[in-house]
Each structure stands twice: as structure tokens, then as C-alpha cells.
Amino acid sequence: MIRLRYFASLRERLGSAGEDLELPPAVTDVAGLIRHLAGRDGPWGVAFNGTQVLLAAVNQEAAKGDTPIHPGDEVAFFPPVTGG
Amino acid sequence: MGSISVQAEPFDPAAEQQALRAGNPRIGALVSFLGLMRDLNEGDAVSRLYLEHYPGMTEKALAAIVAEAEARWALEGVRVVHRVGELRPEDPMVLVAVASQHRGDAFRACEFIIDYLKTQAPFWKQEITPQGARWVEARPGDHAAEVRWRDAPVGAASCRDQAIQEHDEACIRG
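Rules and cut-offs
Residues numbered from 1 in each chain as written. Chains lettered and ligands numbered in written order. Predicted model: local features only at pLDDT ≥ 70, side-chain atom pairs only at ≥ 80, totals over all residues. Helix = DSSP H or I, 4+ residues; strand = E, 2+ residues; numbered from the N terminus. Contact = placed C-beta atoms within 7 Å. Pairing = 2+ DSSP bridges. Axes fitted to C-alpha atoms, helices over the stretch in contact; angles between N-to-C directions. Buried ≥ 20, exposed ≤ 12 C-beta atoms within 10 Å, placed from the backbone.

Draft legend 1. Spotlight on the environment of glutamine 101 of chain B. Residues and elements named next belong to chain B. Mapped onto the fold, glutamine 101 is located in the loop between β8 (92-100) and α3 (103-120). For glutamine 101 and glycine 35, which are 66 residues apart along the polypeptide, the C-alpha to C-alpha distance reads 24 Å. Once residues lying within four places of it in the same chain are set aside, the contact partners of glutamine 101 are Arg26, Ile27, Gly28, Ala74 and Glu76.

This is the structure we're talking about:
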């Protein structure tokens, strides 16, 4: 099981702030998780199909496509940041 | 060494700077960046700003940025304060204050920290206008600044110094 979290405009588009997800055996990294989410119906398919820039974090540290994901991890997706 | 706060409460920039330099006679320079909530963006009147953040990751990201600045330059102290939640026009939004013995380190570290904060720290601004709420888009210039720091050797001059050097070299070439 992993804890997914969505922020800002992505959260609004998905209509969800997060969820617990049983990690599919084929998903071992961030890129794999994105492909899995892109396969869902509705706004997930659009949000995760690669047409919009999304950033990712695993256990609250910036992640890339090849960052590994393990059961128990927290994985967050969000738009480019605009603080400061 | 660095002190970081992510808070909903307003802060007093003058009091923060005073606290940073108090009691340390080695400090010869204090450089501050104060980010303020502007009243106008893209021509529409902005009434309020809402700052969303990722609790836990914001503090970690800011601590990592400050630690890198402390490794690159000789610093006596760093203080970063970032508001979250609702802000009104002219509210101080973010303070990056850096103390050092000599001004070069303080100037460069301050610029580095705010440039990295703007591309790495998980905050998202939402403008609340009379027409409704609108998420602020990330600016390409912020990423260009971060890339220049990342590619520069450790202890290197600031983006501004590099630009000046490139201009001088272009003039010499004629």
C-alpha cells in the first residue's frame, strides 16, 4: 500500500486530495505509477498522460521518473511550484 | 545553523533581521530578500492571495536549500520565513535573511536561496480576484535561474556576476 497525495490545481482537476493505493506488482518507480494512473478513466487519464508538467515527491523528497517506490511510501504529485 | 519557519501568522521583517544578527560581533554583513504580495497580476485586480503548501515537505526542502548555501559560502546565520494561507496586498510573504562576515557571501547565498526556493519548495499561489480564484503559473525565468546555480561550480559567483563577466568578455572580443 502507498499513500498518494495531490496538491493545488491537480487536486482540483482530480477532485481528490489523495488516496491509499495497493501497489500493483508491475509498478516499481514513479514512471510506472504515472503510467498506471494514466490508465484510469476520467481526469486521471488526462492529468497523467504526459501533456501537462507534473512534479513528484517520494517520502517528501523531490523525485524523478526512475525514483523507486516501495510499499509504505508517500508519493505526491503536483504542478510546478510557485512559492517565494 | 539556519532557522526556518513556515507559518500562517504574519511576521515582522525588522524583528527577524534584528534577531538574526543579535549577539554575534563577527557579522559584518546582513543581506535580506523580502517577497511581498503584489496587488496586480496580468492586468486583473488581485484582492487576496492564498498560499497552499505540502506540510512536512516544505520544511525539508527549505532546510536542504539552506544547508547547501551554508556549504557553498561562509555564513554566520540564515533565517527563512514563509507565510502560508491567506495574504492581503502589501503583506510580507517570504523573508530570506543571510548574515556573514563579508558581503559577497551574504549577497550570493541570499540570491541562491530565493532562486532555489522558487523552483524547489512546494508552495502554490492562488489569486482570489473578483472574477474568481486562479492558480498562478510558474515563470520560466525562475527555472533559468535555478539551472545556472546548479551548473555553476561550488562557491561560484552569482548569476549577476556571471552575466557581467560574459558581457565584459563579449566587449573584449569586440
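We are not done yet, so read on.
Draft legend 2. Quick look at the sheet that holds strand β5 (residues 48-53) of chain B. Residue and element names in this part refer to chain B. The strand order across the open sheet built from 4 strands is β7-β5-β9-β10, with neighbouring strands paired in antiparallel fashion. Across the chains shown, the open sheet's two edge strands, defined by having one partner strand only, are β7 (85-87) and β10 (132-135). Between one strand and the next, the sheet's axes are offset by a mean angle of 25 degrees, whatever the strand orientation. As judged from the 6 bridges shared by β5 and strand β9 (residues 123-129), these two strands associate in the antiparallel manner. By the bridge assignment for β9, tyrosine 50 is matched with glutamine 126.

Draft legend 3. The interface of chain A and chain B, seen in detail. Across the contact, 15 residues belong to chain A and 21 residues belong to chain B. Of all the secondary structure elements, the ones that give two or more residues to the side of chain A that touches chain B are α1 (8-14), β4 (61-63) and β5 (74-78) of chain A.

Draft legend 4. Just unusual backbone geometry, in detail. The backbone phi angle of glutamine 60 of chain A is positive, close to 65 degrees, even though this residue is not glycine. With respect to the element layout, glutamine 60 of chain A can be found in the loop between β3 (55-58) and β4. Owing to 18 C-beta atoms within 10 Å, glutamine 60 of chain A belongs among the partly exposed residues under this scheme. Positive phi outside glycine occurs at glutamate 90 of chain B, with the angle close to 75 degrees. Examined against the element boundaries, glutamate 90 of chain B turns out to sit in the loop between β7 and β8. Residue classification places glutamate 90 of chain B among the exposed positions, given that 9 C-beta atoms sit within 10 Å.

Draft legend 5. Seen up close, the sheet that holds strand β6 (residues 77-83) of chain B. All names here are of chain B. Reading across the sheet, the 4 strands line up as β1-β6-β8-β2 and stay open at both edges, with mixed pairing between neighbours. With partners counted over all chains shown, the strands left at the sheet margins are β1 (3-7) and β2 (29-36), one partner each. Each adjacent strand pair in this sheet contributes to an overall mean axis angle of 5 degrees, direction not counted. Sheet strands in contact with helix α1 (residues 13-21) are β2, β6 and β8, and its direction is about 20 degrees off that of β8.

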